[in-house]
Amino acid sequence: MIKEKTISRSVRLICSSGLLLSMGMMAQPTFAQEGVQKVEITGSSIKRTETEGVATTQILSRKDIEQSGKTSIADVVRSISADNNGSISGSFTNGFAGSASGVSLRGLSVSSTLVLINGRRTAPYGFGDDGQRSFVDLNSIPLDAVDRIEILKDGASAIYGSDAIAGVVNVILRQNYVGQSVSANIGQSSRGDGRTTSASAAIGFGNLQTDKYNLFMTIDAKKQEKIWQKDRSDYIGQADARPWGGRDQRAGFITSGNAGGSNALGTVRPVSATGGTIAGRGVQQLPGTCSAANLDPVGGTSLDNAGGGCLFDPVAYQTIQPETQNLNLYARGTFAINDKTTAYTELGLFNSKAKTQTTPSGLTGSGFDLVNARVNITGSGPDQLLLPIGHPDNPFADARARPRWIDTTRPRTADLETTVTRFLAGVKGTVAEWDYDAGFLYAESKTDKTQNGYYRQSALKAAVANGTFRIGQGRINTPEVLALVSPTLKNSGVTKSTSVDFKATRELTQLPGGPLAIAVGAEYRKEETNSEATPFTNTNDIAGLGYSAAKGSRNVSAIYTELAIPVLKSLEFQLAARSDKYSDYGRSTTPKAGFKYTPTNAIAFRGTYAEGFRAPSAAENGDSAVAAFTNIGSDPVRCAVTKLAADCSSQQVGAITIGNKNIKPETSKSYSLGLVVEPIKNFSISLDWWKIVREGEISGSDPGAIVTNPAGYPDAQIVRGEPTTNFPGLVGPILMVKAPYLNAGKTQTSGLDLDMRAKYDMGSNGKLNAGLVVTYMNEFKRTDADGTTHEFAGTHGDVNLSGDGGTPRTKVSVSLGWERGPWTLSGNVNHVSSISDTNEIGGDCLDVDANGKPYLGCRIASFTTVDMFGKWKYSKNLEFTASITNLFDKMAPLDVQTYGRINYNPSLHQSGAVGRYWNIGGRYTF
């Protein structure tokens, strides 16, 4: 029997509390028993008797997941301290990947974080994040079937291949189950909305040792009701945040330039015979009534609204939590062919339906016509929408009119239905002292999207020209006219992954520290993507809706090997290498090396060095293009002259990016160095430093960088509108920036992970366990292709990433639990540090008033919440649970910059918008 070291017990203690600092790939669900059974942990293919390894791995057990009070895997994963800017919140429904959820370890985006199920890949979401970045939708993984989640926090391309630059999230589902159970849960916010109901059942039979088989199945159904943002108080529930030190983000302002506000009354402006503005004749509001609360008579104090305007509140159309329905089925069968051979199969089926909506559409827009290779602007210029003379809503008898209007009764909506299918069949066993595992996997993800409320600009022009389409308050357009100008838009996104893999491990010989072990493996897979564009967006014919499409397929083959070398009882090395060949660009070879040194039973040092890469996706090097909208800090050309808030504050512009068949893969180097200390029994501390340098980054159109330094991007094009009447000799506002994907510069990020764990046995009074997890980001430095360097750590940057979520330096989680007999009670404190409202360290404030004074002191406040969980095991078969998230109903800090939602940041502070939320449930085991 192998004797276990004190430090091994320490790390197993960490594991039992929910966090394990180790290395490895976990293909099996079996945990190490007291010093005799070998295990595999995410990041290695070699089984070992001690679970602590050379790299930092965080493990969330089934118990930890339950006690978190979270109701989805997405919420659990996105709450870990290593998740940062670029993650995708399911509440951000306006993006290309609306209602999906993705994790971004170390802030390096969802495309650099590899998500596995039982150690193997699955199909990514049908639509890429921002039309570019491929990711696995965490919502598609069944909560009730999860055994644990392992998060490897350093580069793992040598073990897993592309996409693992920032790390790996490996979701381990149950591998065998005997029995029957049913459970149900219901949750609701303290405001009485957002109700979530779920029910699940599991059945399993067959003992693998005695019956030679095990079969089990779980089914999980969940329904989530919407939460309207307007139903929250203060600045969360309205766009005008001036009473709380923010800015007014209502829409419909009439500015002193050319812009007439799109609002419920509608505005018109006479134009000359050539379509230009007429000196001395400005924007005129159409007849109608406007409430005093929405009338804006004050000029020059907010976004240069010198002309006033009848405003409307976009918050009235936004949801904090969308309406969703999920159904998840998971089944597994395991069959013992003989004493040394086991066959297994898995089937997963997931279906999700989501309903989302946003503000009503304006009549005009700007974008890039890909078919005719030209910029198309219907708000001004030669392509603009105009009311002809004689149109019933054109008050000018001598001139055509440029219209602006929204129909407040017709919000833009999107219904999304996602179906994910995953089938796995494999065999594992032992032959000639080699432990092997071979499998076949097919995974497919399909999302069907149906959108309504958008205008087709060519049809709208025709209906306006013949007078059948009306604008203005109280105007009613017939269903026949609306069907022509605002058709239902349908498109689908499908991804497929088909793979065959094989790996084998064995011990080669004995070294002074233990057996020299080797792992070898090979994999072949085919990846397919067909993400359809929304109809008519290829010609920029849908106002306010960007174009995104990608189609491609490729074959990937790989071989890899790994060595575990225990040269001494106190010193072990890990060496690994992998070579991947991609049919669409070539071969990449990535090594990894690590060590663990244990000078005494109470302390261990470890470290890793790894090289990585990320292959271009079909959206980046395929037949693809993306036309989207993003924010830039300011317009340096106009701001220097006008000094107006409209030019000197954050503003939305179009970003058009074209696929580049010559794009190269991103490459990376990652480093880690740390220690684990157990100074006394049942108390452990670990501290790890990490650094990741990613070069040749595949970047889409970055309007901020291009606008700041256009000379550094010779292939880019900045498209501006016509000059404004208040500055007729100055170039007009920026409408869009167009550029191809390119390998642009590098990112360097580094920081510290601290983990402290303790247990205390109080005898008849129960047991206590406590934990502290801190991630501190020391730097997040990006160097552009032109050599310009930006430091984003602690700021709202990079504003171009998903939802403009910001890069907080510090994320903290503190836990305290008590168990006694049938009772369990635990609490968790979650903290996110404040960030500056700048795009980078030393940068100008992103949001200033008309006098140039920053809102909120140019800072978004820190955010701390408390969650509670309790369980009562009434009998051997029946248990009840209850949880409260955001116990003290802490409101999300005011954030006037993020475009994920108005006035709050869903990436960092979602629970502060939802408010206090309770959940109760029960489980009965037969």
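The model shown is predicted, which means the values in this text are computed figures rather than measured ones.

## Structural notes on the nonpolar core
Part 1 of the reasoning: In terms of nonpolar packing, the biggest core is built from 35 residues, with Leu105, Val146, Ile149, Val169 and Leu173 touching the most fellow members.
Part 2 of the reasoning: Here the element with the most residues in this core is helix α3 (residues 73-78); it accounts for 4 residues.
Part 3 of the reasoning: Setting aside chain neighbours within four positions, we find Ile149 in contact with Gln58, Ile59, Leu60, Ile65, Ile73, Val76, Val77, Val169, Asn170 and Val171.
Part 4 of the reasoning: Counting residues in hydrophobic clusters, the runner-up holds 18 residues, among them Leu286, Phe396, Ala463 and Val485.

## So, the confidence of the model for the protein
Part 1 of the reasoning: Per-residue confidence for the protein gives a mean pLDDT of 87; residues scoring 70 or more make up 91%.
Part 2 of the reasoning: In this model residues 1-36 is a low-confidence stretch, pLDDT under 50, and it forms 128 contacts with partners more than four residues away in sequence or in other chains.
Part 3 of the reasoning: Within the model, pLDDT remains below 50 along residues 299-305, and this stretch shows 23 contacts once partners closer than five positions in the same chain are excluded.

## Focus on the pairing of strand β28 (residues 683-695)
Part 1 of the reasoning: Direction of pairing for strand β27 (residues 666-680) relative to β28: antiparallel, over a ladder of 12 bridges. From the neighbouring strand, Tyr671 faces β28, where its bridge partner is Lys691.
Part 2 of the reasoning: Linking β27 back to β28 in an antiparallel pair, the connection comprises 2 residues, with Asn682 at a positive phi of about 65°.

## Some details on unusual backbone geometry
Part 1 of the reasoning: Cis geometry is adopted by the peptide bond preceding Asp798, which originates at Gly797 and carries an omega value of -5°.
Part 2 of the reasoning: Tracing the backbone through its elements, the reader meets Asp798 in the loop between β35 (789-791) and β36 (810-820).
Part 3 of the reasoning: Phi at Asp234 is positive, roughly 55°, even though this residue is not glycine.
Part 4 of the reasoning: Within the secondary structure layout, Asp234 lies in the loop between β8 (227-228) and β9 (267-270).
Part 5 of the reasoning: Its relative accessible area of 35% is what places Asp234 among the partly exposed residues.
Part 6 of the reasoning: Positioned with a positive phi, Phe536 is a non-glycine residue whose angle comes to about 75°.
Part 7 of the reasoning: Assignment of secondary structure puts Phe536 in the loop between β20 (514-531) and β21 (548-568).
Part 8 of the reasoning: Among the residues examined, Phe536 registers a relative accessible area of 28% and is labelled partly exposed.

## Observations regarding the pairing of strand β31 (residues 734-740)
Sheet faces and side chains relate simply in a regular strand, where the side chains alternate between the two faces.
Part 1 of the reasoning: Sheet analysis places strand β26 (residues 651-658) next to β31, joined by 5 bridges and oriented parallel. Counted as the bridge partner of Ile658 is Pro740 from β31.

## With respect to the state of the cysteines
Simply put, the disulfide is a covalent bond whose two ends are the sulfur atoms of two cysteines.
Part 1 of the reasoning: According to the stated counting rule, one finds 3 disulfides in the structure shown.
Part 2 of the reasoning: Here Cys290 engages in a disulfide with Cys310; their sulfurs sit 2.2 Å apart. Residues Cys290 and Cys310 share a disulfide whose torsion about the S-S bond is about 95°; that sign makes it right-handed. Of this pair, Cys290 sits in the loop between β10 (284-285) and β11 (319-321) while Cys310 sits in the loop between β10 and β11; the two residues are 20 residues apart in sequence, bridging distant segments of the chain.

## Description of a nonpolar patch on the surface
Part 1 of the reasoning: Among the surface-exposed residues, Leu347, Leu349, Phe423, Phe440 and Val500 lie close enough to one another that they form a single nonpolar patch of about 380 Å² accessible area.
Part 2 of the reasoning: Tracing the sequence through the fold places Leu349 in strand β13 (residues 341-360).
Part 3 of the reasoning: The exposure class assigned to Leu349 is partly exposed, which follows from its relative accessible area of 34%.

## A look at the sheet that holds strand β2 (residues 113-117)
Part 1 of the reasoning: As summarised here, the arrangement of the 4 strands in space is β1-β3-β4-β2, forming an open sheet in which the pairing is mixed. The open sheet is flanked by β1 (57-61) and β2, the only strands paired with a single partner. Each neighbouring strand pair of the sheet contributes to a mean axis angle of 15°, computed without reference to strand direction.
Part 2 of the reasoning: Pairing of β2 with strand β4 (residues 167-173) involves 5 bridges; the strand directions are parallel. Note that in β4 the partner of Leu114 across the bridge is Val168.

## Describing the pattern of salt bridges
Part 1 of the reasoning: Across all of its chains, the model carries 43 salt bridges by this definition.
Part 2 of the reasoning: One salt bridge connects Lys230 with Asp231, and the closest N-O pair in it is separated by 3.7 Å.
Part 3 of the reasoning: Asp231 gets classed as partly exposed once you look at its relative accessible area, which sits at 39%.
Part 4 of the reasoning: Put simply, Asp415 and Lys355 hold a salt bridge, and the shortest N to O gap is 3.7 Å. Placement of the pair is Asp415 in strand β17 (residues 411-431) and Lys355 in strand β13, with a sequence separation of 60 residues.

## Things to note about helix α5 (residues 457-465)
Part 1 of the reasoning: Buried within α5 we find Gln457, Ala459, Leu460, Ala463 and Val464. For α5, the angular spread of the buried residues around the axis is 155°, confining them to a single face.
Part 2 of the reasoning: Where the residues of α5 are buried, they touch α6 (479-485).
Part 3 of the reasoning: Positive backbone phi, at 80°, marks Gly467, one or two positions downstream of α5.

## Here's the deal with the packing of aromatic side chains
Part 1 of the reasoning: Within the structure shown, the criterion is met by 16 aromatic pairs.
Part 2 of the reasoning: Between the aromatic rings of Phe780 and Phe792, the centroid separation amounts to 6.3 Å while the plane-to-plane angle is 50°, which identifies the pairing as tilted. Of this pair, Phe780 sits in strand β34 (residues 767-783) while Phe792 is found in the loop between β35 and β36, placing the two residues 12 residues apart along the sequence.
Part 3 of the reasoning: By relative accessible area, Phe792 is classed as buried at 3%.
Part 4 of the reasoning: Consider the rings of Tyr924 and Phe926, whose centres lie 5.0 Å apart with planes at 80°: the pair is edge-to-face.
Part 5 of the reasoning: On the basis of relative accessibility, which here comes to 57%, the residue Phe926 falls in the exposed class.

About the cut-offs
- Residues numbered from 1 in each chain as written.
- Predicted model: local features only at pLDDT ≥ 70, side-chain atom pairs only at ≥ 80, totals over all residues.
- Heavy atoms only, no water.
- Core = buried A, V, L, I, M, F, W, Y, C linked by side-chain atoms within 4.5 Å.
- Buried < 20%, exposed > 50% of the residue type's maximum accessible area, 1.4 Å probe, protein only.
- Helix = DSSP H or I, 4+ residues; strand = E, 2+ residues; numbered from the N terminus.
- Contact = heavy atoms within 4.5 Å.
- pLDDT = per-residue confidence, 0-100.
- Pairing = 2+ DSSP bridges.
- Disulfide = S-S within 2.5 Å.
- Patch = residues over 30% accessible without salt bridge, like charges linked within 9 Å, V, L, I, M, F, W, Y side chains within 5 Å.
- Areas by Shrake-Rupley, 256 points an atom, 1.4 Å probe, with all protein chains shown as cover.
- Salt bridge = Lys/Arg side-chain N within 4 Å of Asp/Glu carboxyl O.
- Axes fitted to C-alpha atoms, helices over the stretch in contact; angles between N-to-C directions.
- Arc of directions from axis to C-beta.
- Phe/Tyr/Trp six-rings, centres within 6.5 Å; stacked < 30°, edge-to-face > 60°.

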